Amino acid sequence: MKFKMRILHFSPAGNAEKVANSIARDQQANSDRIPPAYPVENEKLLILGIEMKGSSVEKAVLDLCKDLNPSRVKNVAIYAIGSASFTAINEVKELVSSKGINFVGDVYECTLKGGLFKKGSVTDDDVKNITAWAGKIIDSLVE
């Protein structure tokens, strides 16, 4: 781990968790679900993995973001996974920014492909690409 950071995920179908665990292994960091077992405290970077159910962000994610402040976390990055629109992620970005927390990078949007009766899931390439995206963000923050 290059600096103090956490990876938190909201993952009802397990897709965001799979990615969070990959990033955590790659960066030798901690990964936890939202809401986390321990509060976010004094982190240089918080990576949020948000699995979208439909086109809205779950209340647990919004509640976590409402509790953040610059003494708890300096920078936030987000990856979103889902099969619908990602426009609701803007609400999370605005909430984080309104707290005086730096939003880093672009939101990584991973669209799942599934059928009428089959839910989509992240592919190995999706996991690899999001993990690489996280690595670039982390490298950009190394002092």
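For the structure, see preceding data.
Caption draft 1: Just the environment of Arg 72, in detail. For Arg 72, the location among the structural elements is in the loop between α2 (59-67) and β4 (73-82). Along the primary structure Arg 72 and Lys 44 are separated by 28 residues, whereas in three dimensions their C-alpha atoms are 8.5 Å apart. Leave out the neighbours within four places in its chain, and Arg 72 touches Pro 39, Val 40, Glu 41, Asn 42, Glu 43 and Asp 67. Among the polar contacts listed, one links the side chain of Arg 72 to the side chain of Glu 41, at a separation of 3.4 Å.

Caption draft 2: Main features of the side chain of Asn 75. One can find Asn 75 in strand β4. Within the local environment of Asn 75, its side chain forms a polar contact with the side chain of Asn 102, the two groups lying 2.8 Å apart. Setting aside anything within four residues of it in sequence, one finds Asn 75 in contact with Lys 44, Leu 45, Leu 46, Ile 101, Asn 102, Val 104 and Leu 141.

Caption draft 3: Quick peek at the packing of α2 against helix α3 (residues 89-98). α3 packs onto α2 with a crossing angle of 15° between their chain directions and a minimal axis gap of 9 Å. Judged on the interaxial angle alone, α3 and α2 are roughly parallel. Where α2 crosses over α3, the handedness of that crossing is right-handed. When α2 is examined against α3, the residues Val 61, Leu 62, Cys 65 and Lys 66 are found in contact with a partner set consisting of Glu 91, Val 92, Leu 95 and Val 96. Of the residues that constitute the contact of α2 with α3, the class distribution is six nonpolar, no polar and two charged.

Caption draft 4: A look at the packing of aromatic side chains. As enumerated under the stated definition, the model contains two aromatic pairs in all. Connected via pairs of aromatic rings, a cluster forms that spans Tyr 79, Tyr 108 and Trp 133. Lying over the aromatic face of Phe 3, Lys 44 brings its terminal NZ or CZ to 5.0 Å of the ring centre.

Calculation rules
- Residues numbered from 1 in each chain as written.
- Predicted model: local features only at pLDDT ≥ 70, side-chain atom pairs only at ≥ 80, totals over all residues.
- Heavy atoms only, no water.
- Helix = DSSP H or I, 4+ residues; strand = E, 2+ residues; numbered from the N terminus.
- Contact = heavy atoms within 4.5 Å.
- Polar contact = N/O pair within 3.5 Å; in protein donor to acceptor, adjacent residues only side chain to side chain.
- Axes fitted to C-alpha atoms, helices over the stretch in contact; angles between N-to-C directions.
- Parallel < 35°, antiparallel > 145°, perpendicular 65-115°, else oblique.
- Left-handed = near helix turned anticlockwise from the far one by under 90°.
- Nonpolar A, V, L, I, M, F, W, Y, C, P; charged D, E, K, R; others polar.
- Phe/Tyr/Trp six-rings, centres within 6.5 Å; stacked < 30°, edge-to-face > 60°.
- Lys NZ or Arg CZ within 6 Å of the ring centre and 35° of its normal.

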